[in-house]
Amino acid sequence: MTMPAGLLLGMLLAFWGVAPAPVAHAGETPTARIGVNRLNLAWLSRGDQERVLGEMAANGITHARLSLSRPVDKSIEGLEIASRLGIRILLEIELTNRSYFPETARPRTGFGRIWDVHRLSELDLERYRMGLRDALRRIDALGIRLEAIEPGNEINFSAYNGDLLVHRRPGERTPRSIAELADRAAFELGLDKYLEALKITRGEVRRTVHSSDAAFVSAGLSDLSADWADGRGMERLDPHEVIAELRKRGIDSLVDAYGIHVYPGQKPAPALADRVRRILDFCEIDNAGRPCWVTEWGIANTARDCPVDDRKREDAVRAVRAVFQQLMDGGRLTAAFYYDWDTEQSYSLWRCGRLSPAGALAVTPAGTEETRAVLR
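Along each chain, residue indices are assigned from 1 in the same order as the chain's sequence is written. Given that this is a predicted model, residues contribute local features only at a pLDDT of at least 70 and side-chain atom pairs are listed and counted only at 80 or more, while totals for whole chains, interfaces and linings are drawn from all residues. In computing side-chain values, all of the structure's heavy atoms are included and hydrogens and water are not.

Draft legend 1. Structural detail: the overall build of the chain. Secondary structure elements follow DSSP: runs of H or I of four or more residues count as helices, runs of E of two or more count as strands, with numbering from the N terminus. In terms of helices and strands, the chain carries 11 helices and 10 strands. We call a residue buried when its accessible area falls under 20% of the maximum for its residue type, exposed when it is over 50%, and partly exposed in between, using a 1.4 Å probe and counting protein chains only. For the chain, the proportion of its 376 residues judged to be buried stands at 53%. Split by element, the accessible area of the chain, about 16,000 Å² in all, is 52% carbon and sulfur. Note on areas: Shrake-Rupley with a 1.4 Å probe; residue coverage comes only from the protein chains shown.

Shown next, in the form of structure tokens:
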């Protein structure tokens, strides 16, 4: 006999001393979406996809950020399993998919320190349109509903946008602004291409039967610091500047929310909260902009022993979630997806065959008095 997901989550939270929030019932609209990432499902066998997504569903996960990446057949297989389990899907569309680029395009080198990646400025919009149209047709034919779409990932970071350089040797000063880029024209052309890709994506999604009302989120931007970039020789740009550039190009007419990633590090709770507020200070709810979706966030725990000692991470997760809740109460933040469920040992929530105590806090539903009590 399978235990209902809500009951199991409640038991887990109670065991760890966390008061569970009431489960939303059919017809109710949750205050905000709380979910997790599980990327690269396409690299797993169907059996492993079933296992991972089944563990998520059994532990009360209602929302997941999944990717449309190569191999596309396996990506769609994972979406079908998640949909069958009742998990609501935020679909991240991998714009670095080489199928979307001309055969003559060559990836920018990562000098062996990071993967080689194509330049956003060389994206072939017609190839993208046809590849996306085919994938959406197949997803729709399976009756899958996509709750939200996020085209692209960390387009302000050289790991995911080849218009930003990886230096041959780390340690040199990296650009602090678009004006300092070695090839500013290429990066700005990439932003123009990104806006066109957004328009194409909206048009193709609106043609579907099951996902025509999906929300649109701009590519989640990296929050990496300039010092971090200098030390690793990998260019990145401040998300505030990139959002400002995208807004000049009209992105507010194409998206319902700005995507952003939040990795605040290990700090005392007050400093941690301040860092998160600074990262999210451009999130708006009026004509001046859009609210944010945190499509990745995480707190590391490098411990490997079982059972896991998650006490320090619990405090950090509680501090971050408290800031998220304040922004959600004000309408400036409408979703937060933790990174990740089980693949990165330092950030993962699934430890020693179970949801960790910090994991339970990370996925506690938002918007209730019980949740606020837990996060205090």
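Draft legend 2. How the structure looks around the packing of helix α3 (residues 72–84) against helix α4 (residues 125–141). Where helices are involved, their axes are fitted lines through C-alpha atoms of the stretch in contact, as for all axes, and angles between N-to-C directions lie from 0 to 180°. Following both chains from N to C, one finds α3 and α4 inclined at 30°, their axes separated by 10 Å at the closest point. Once α3 is placed against α4, the crossing between them reads as right-handed. Contacts from Val72, Asp73, Ile76 and Leu79 in α3 reach Ala135, Arg138 and Ile139 in α4. Polar here means any residue other than Ala, Val, Leu, Ile, Met, Phe, Trp, Tyr, Cys and Pro, which are nonpolar, and Asp, Glu, Lys and Arg, which are charged; Gly is therefore polar. Tallied by class, the residues present in the contact of α3 with α4 amount to five nonpolar, no polar and two charged. Left-handed describes a crossing whose near helix is turned anticlockwise from the far helix by less than a right angle; the clockwise case is right-handed. The contact rule is simple, with two residues in contact once any of their heavy atoms fall within 4.5 Å.

Draft legend 3. Region of the structure containing unusual backbone geometry. With an omega of -5°, the peptide bond between cysteine 306 and proline 307 qualifies as cis. Tracing the backbone through its elements, the reader meets proline 307 in the loop between β7 (292–297) and α9 (311–329). Backbone torsion omega between tyrosine 339 and aspartate 340 reads -5°, so that peptide bond is classified as cis. Tracing the sequence through the fold places aspartate 340 in the loop between β8 (333–338) and β9 (350–351).

Draft legend 4. Expanded view of the nonpolar core. Residues Met56, Leu91, Tyr194, Leu280, Val294, Trp297 and Phe324 are the most contacted members of the largest nonpolar core, which totals 92 residues. Not counting residues up to four positions away in its chain, the partners in contact with leucine 280 are Ile260, Val262, Val294, Phe324, Leu327 and Arg332. Residues belong to one nonpolar core when they are buried, are Ala, Val, Leu, Ile, Met, Phe, Trp, Tyr or Cys, and are joined through side-chain atoms within 4.5 Å. In this structure, Ala148, Ala257, Trp293 and Phe337 belong to the second largest nonpolar core, which totals eight residues.

Draft legend 5. Quick peek at the packing of aromatic side chains. Aromatic contacts are taken between Phe, Tyr and Trp rings whose centres are within 6.5 Å, Trp giving its six-membered ring; a plane angle under 30 degrees counts as stacked, one over 60 as edge-to-face, and the others as tilted. On inspection of all chains with the given rule, the structure shows 11 aromatic pairs. Summarising the aromatic geometry, the rings of tryptophan 293 and phenylalanine 337 are spaced 6.1 Å apart at their centres and angled 20° between planes, so their arrangement reads as stacked. Of this pair, tryptophan 293 sits in strand β7 while phenylalanine 337 is found in strand β8, placing the two residues 44 residues apart along the sequence. A ring is scored as having a charge over it whenever the NZ atom of a lysine or the CZ atom of an arginine sits within 6 Å of its centre and within 35 degrees of its normal. Positioned above the aromatic ring of phenylalanine 216, the side-chain terminus of arginine 202 is 5.2 Å from the ring centre.

Draft legend 6. Spotlight on the state of the cysteines. A pair of sulfur atoms, both from cysteines and within 2.5 Å, is called a disulfide here. On inspection of all chains with the given rule, the structure shows two disulfides. Bridging cysteine 283 to cysteine 292, the disulfide has an S-S length of 2.1 Å. A torsion of -90° about the S-S bond marks the disulfide between cysteine 283 and cysteine 292 as left-handed. For the pair shown, cysteine 283 and cysteine 292 are each scored as buried. Along the chain, the cysteines that take part in disulfide bonds pair up as 1-2, 3-4, counted in sequence order.

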